[in-house]
Amino acid sequence: MSRADASLACATALVDALVRGGVRRACVSPGSRSTPLALALGRDERLQVQVFLEERSAAFFALGVAKAGGTPVALACTSGTAAAEFFPAIVEASQSRTPVVVLTADRPPRLRGTGANQTIDQTELYGRYARAYLEPPVPMTNDDAAAWSDTGARAVEAAYGDPAGPVHVNCAFDEPLTPTGRSIPAPAVGAVASPTREPDTGAARAAVGRFVETYAGRRGMCTIGGLPAPETLSLLSFSSMLGWPVHAEPLSGLRLDASDAGRALAAGQFLLSDADWLDRHAPEVVLQIGAAPTTRTSQRLSASASSLVVLDRGHLDPDPEGRAEHRMRVEPELFAAIAYDDRGSTPVPACDPDWSETWRTSDLVARAQVDRLLDGWEEPFEGRVARDLAAFVPHGAALVIGNSTPVRDLDSFMAPRRPPRIWAAADLLRVIGNRGASGIDGLVATTLGVAAAHHGPTYALLGDLSFLYDAGTLLWSSRMGVDAVFVVLANGGGQIFSMLDQGSVPELEQLFTTPHPAAIEDVCAAANVGHSLVGRSSELHPALERAARAGGVHVVEVSIDAERDRERRAELHAEIHAALRPR
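Engineer: Help me get a handle on the sheet that holds strand β12 (residues 398-401), residues and values and all.
Structural biologist: Strand order in this open sheet of six strands is β13-β12-β14-β15-β17-β16, and the pairing throughout is parallel. The open sheet has two edge strands, β13 (430-432) and β16 (530-534), and neither has a second partner. Put simply, the sheet's adjacent strands are angled 20° from each other on average, direction ignored. Where strand β15 (residues 484-490) lies against strand β17 (residues 553-559), seven bridges are found, and the strand directions are parallel. Along β17, the bridge assignment pairs V487 with V556. Running at roughly 125° to β12, helix α15 (residues 405-413) makes contact with β12, β13, β14 (458-463) and β15 of the sheet.

The structure is reproduced here in structure tokens:
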């Protein structure tokens, strides 16, 4: 057997172990050194393989697939700087606990540090962002395939691990690289099982007991940040049982009005941002569930709480400042389900009903003011776009939300959705964001990856800079065979800086908002994707319907007057403040 045949046999054994461990998709970028990996992936009929010209798009596409599907995706490239192009997506995968198996081809170890062509030091390339670094032996004979199979099994186990995340497998191949035959049989190996993590019911039950004993009956509030797709409505029901208002970020999947099962606040961000109102109705206890809060308003609530309790199992660190009085490291849904199911045998005291009623009525007042103002503005406003898009997308859809302003606007303006009368978890709207590292890079590719893996329609709400940053990915979208509708807010650059402290510096436009000269319509034409322009608020809904019917990739560009948008934000807060003022 030639060395090239041995390389293919080893790569085949590695891929076989990945597939038997649960990997069903692979993203591959062309290269010479990665020939054995590309052939092994492409020839495995159990895999769906997507080919990308450039590695950064491939990595973010894989990230979207993994986030939507919840199972590891294989990501393969050649040696050298190609492997470095994966880095931003690896960081996001690590921070957001997303399983990805990264397969980087490499030169043999003897060539490292010698100046050999297309050779960099790929050892531990992703540092602490990788859950594990694995390097099987350089293939010499067919017998080496057993070690490569073992490496694949270990890679899957680490990617699914606690916590889940990216795994780096560095695959060194010596020349020649092209095998003599189409397939090279690998030696038989044992079964590879997809790792599972059993819920710790005992720890959850103990946490419930301590929480109820210490905090139930007090005036409290629940804030729910990013979570895996919810399987039940137990967190809403638990909050309702306590009598506590609940602010559910859209990324939690629980911005719902589920009637008797519980209801999330409809104007929570506006209540929390009104300092006078919150001073009069500040909670004694804040139960922060899931990922750290997205907005500064929610972050200030957690920071100022007399008692902050954190309930989370899987995120990086939902309490980065260490302010929590108590930290419960258990699955939030399991915690809530146990508390709700045990309410008969272990009653949970509810708080003052007047407290709950005040929050409920104030929420209704604030929401009515929001909708009254938004409905009267025909010139597009970013908050109305977020509200109307969230209301338009059907049950079972996925909505990918961009960072900076869009994710904050969705939190402020999205109204609670009513779930279907008879529903399963797959019927709920899935809101997905790259909030692990909160970058604006790779969001187009992530959306297309979500569309490839998600079983329902896929939409995205992005700023124009996020869209243009990843415009190169559009060039490949027609080859991906996916359907996705992008709503792009064309406000002339990074307008979020005008609402932050940087808004006061004279170099705001030059150094921060950085207006761009690109015409989004021309970018879409170059990529051969659909495009429509919305200049009035009432035009958004028909444009979304046309885009969804057209299929493929379509961009709905919404023209935003940035200065007028800022004026309207101030008007909104003033009107709501007046409506909440004591009579």
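Engineer: Mind laying out the packing of aromatic side chains, listing which residues take part and the relevant values?
Structural biologist: In total, this model carries 16 aromatic pairs according to the counting rule given. Both rings, one in F381 and one in F413, keep their centres 5.7 Å apart while their planes meet at 90°; by these two values the pair is edge-to-face. In this pair, F381 sits in the loop between α13 (353-375) and α14 (382-392) while F413 sits in helix α15, placing the two residues 32 residues apart along the sequence. Overall, the relative accessible area of 1% leaves F381 in the buried class.

Engineer: Summarise the pattern of salt bridges; cite the residues concerned and give the values.
Structural biologist: Within this structure, the stated rule accounts for 29 salt bridges. Notably, a salt bridge pairs R569 with E382, separated by 3.0 Å at the nearest N-O pair. Here R569 is found in helix α22 (residues 562-580), whereas its partner E382 is found in helix α14, with 187 residues between them in sequence. For the pair formed by R569 and E382, the shared burial category is buried. Put simply, R367, D371, D375, R384, R387 and D388 are held in one network by salt bridges that share partners.

Engineer: Summarise the sheet that holds strand β7 (residues 220-224); cite the residues concerned and give the values.
Structural biologist: Strand order in this open sheet of five strands is β8-β7-β9-β10-β11, and the pairing throughout is parallel. In this open sheet, the two edge strands, each paired with only one partner strand, are β8 (246-248) and β11 (326-328). On average, each strand axis in the sheet is inclined to that of its neighbour by 15°, with strand direction left out of account. Of the pairings in the sheet, the one linking β7 to β8 comprises three bridges and is parallel in character. Pairing of C222 across the sheet is with V246, part of β8.

Engineer: Break down the packing of α14 against helix α21 (residues 540-550) for me, with residues and values.
Structural biologist: Between α14 and α21, whose axes approach to 10 Å, the crossing angle comes to 45°. Between α14 and α21, the angle falls in the class oblique. The handedness of the crossing between α14 and α21 is right-handed. Residues V385, D388, L389 and F392 of α14 form the contact with α21, whose participating residues are L540, H541, L544 and E545. Taken together, the residues that form the contact of α14 with α21 break down as five nonpolar, one polar and two charged.

Engineer: Please provide a residue-by-residue account of unusual backbone geometry, values included.
Structural biologist: For the bond running from D162 to P163, omega is 10°, close enough to zero to count as cis. With respect to the secondary-structure elements, P163 resides in the loop between α6 (145-159) and β6 (166-172). Between E175 and the following residue, P176, the backbone shows a cis peptide bond with an omega angle of 0°. As for its placement among the helices and strands, P176 is situated in the loop between β6 and α7 (201-215). The phi dihedral of S259 is positive, around 55°, even though this residue is not glycine. Mapping S259 onto the fold places it in the loop between β8 and α9 (268-273). You can call S259 partly exposed: its relative accessible area is 47%. Of note, N528 is a non-glycine position whose phi angle comes to about 60°, a positive value.

Engineer: Before we move on, could you go through the nonpolar core and cite the residues and values that matter?
Structural biologist: Ranked by size, the top nonpolar core spans 62 residues in total, and within it F211 and L287 carry the most contacts. Apart from the residues within four sequence positions on either side, F211 is in contact with A216, F238, L242, W244, L287, V309, M328 and F335. Counting 54 residues, the second largest nonpolar core, distinct from the first, contains C27, L448, F486 and V488.

Engineer: Just give me the short version of empty space enclosed by the protein, but keep the residues and values in it.
Structural biologist: With the rule as written, the count across this model stands at four cavities of 30 Å³ or more. Reported here for the largest cavity is a volume of approximately 50 Å³. Looking at the largest cavity, the residues that line it are P250, G253, L254, R255, L256, M414, R417, L429 and V431. Taken together, the residues that form the lining of the largest cavity break down as six nonpolar, one polar and two charged.

Conventions and cut-offs
- Residues numbered from 1 in each chain as written.
- Predicted model: local features only at pLDDT ≥ 70, side-chain atom pairs only at ≥ 80, totals over all residues.
- Heavy atoms only, no water.
- Pairing = 2+ DSSP bridges.
- Helix = DSSP H or I, 4+ residues; strand = E, 2+ residues; numbered from the N terminus.
- Axes fitted to C-alpha atoms, helices over the stretch in contact; angles between N-to-C directions.
- Contact = heavy atoms within 4.5 Å.
- Phe/Tyr/Trp six-rings, centres within 6.5 Å; stacked < 30°, edge-to-face > 60°.
- Buried < 20%, exposed > 50% of the residue type's maximum accessible area, 1.4 Å probe, protein only.
- Salt bridge = Lys/Arg side-chain N within 4 Å of Asp/Glu carboxyl O.
- Parallel < 35°, antiparallel > 145°, perpendicular 65-115°, else oblique.
- Left-handed = near helix turned anticlockwise from the far one by under 90°.
- Nonpolar A, V, L, I, M, F, W, Y, C, P; charged D, E, K, R; others polar.
- Core = buried A, V, L, I, M, F, W, Y, C linked by side-chain atoms within 4.5 Å.
- 1 Å grid on protein atoms, 1.4 Å probe; cavity = no way out; pocket = protein on both sides within 12 Å on 5 of 7 lines; lining within 4 Å.
- Points joined across faces, edges and corners; volume = space filled by probe spheres on them.

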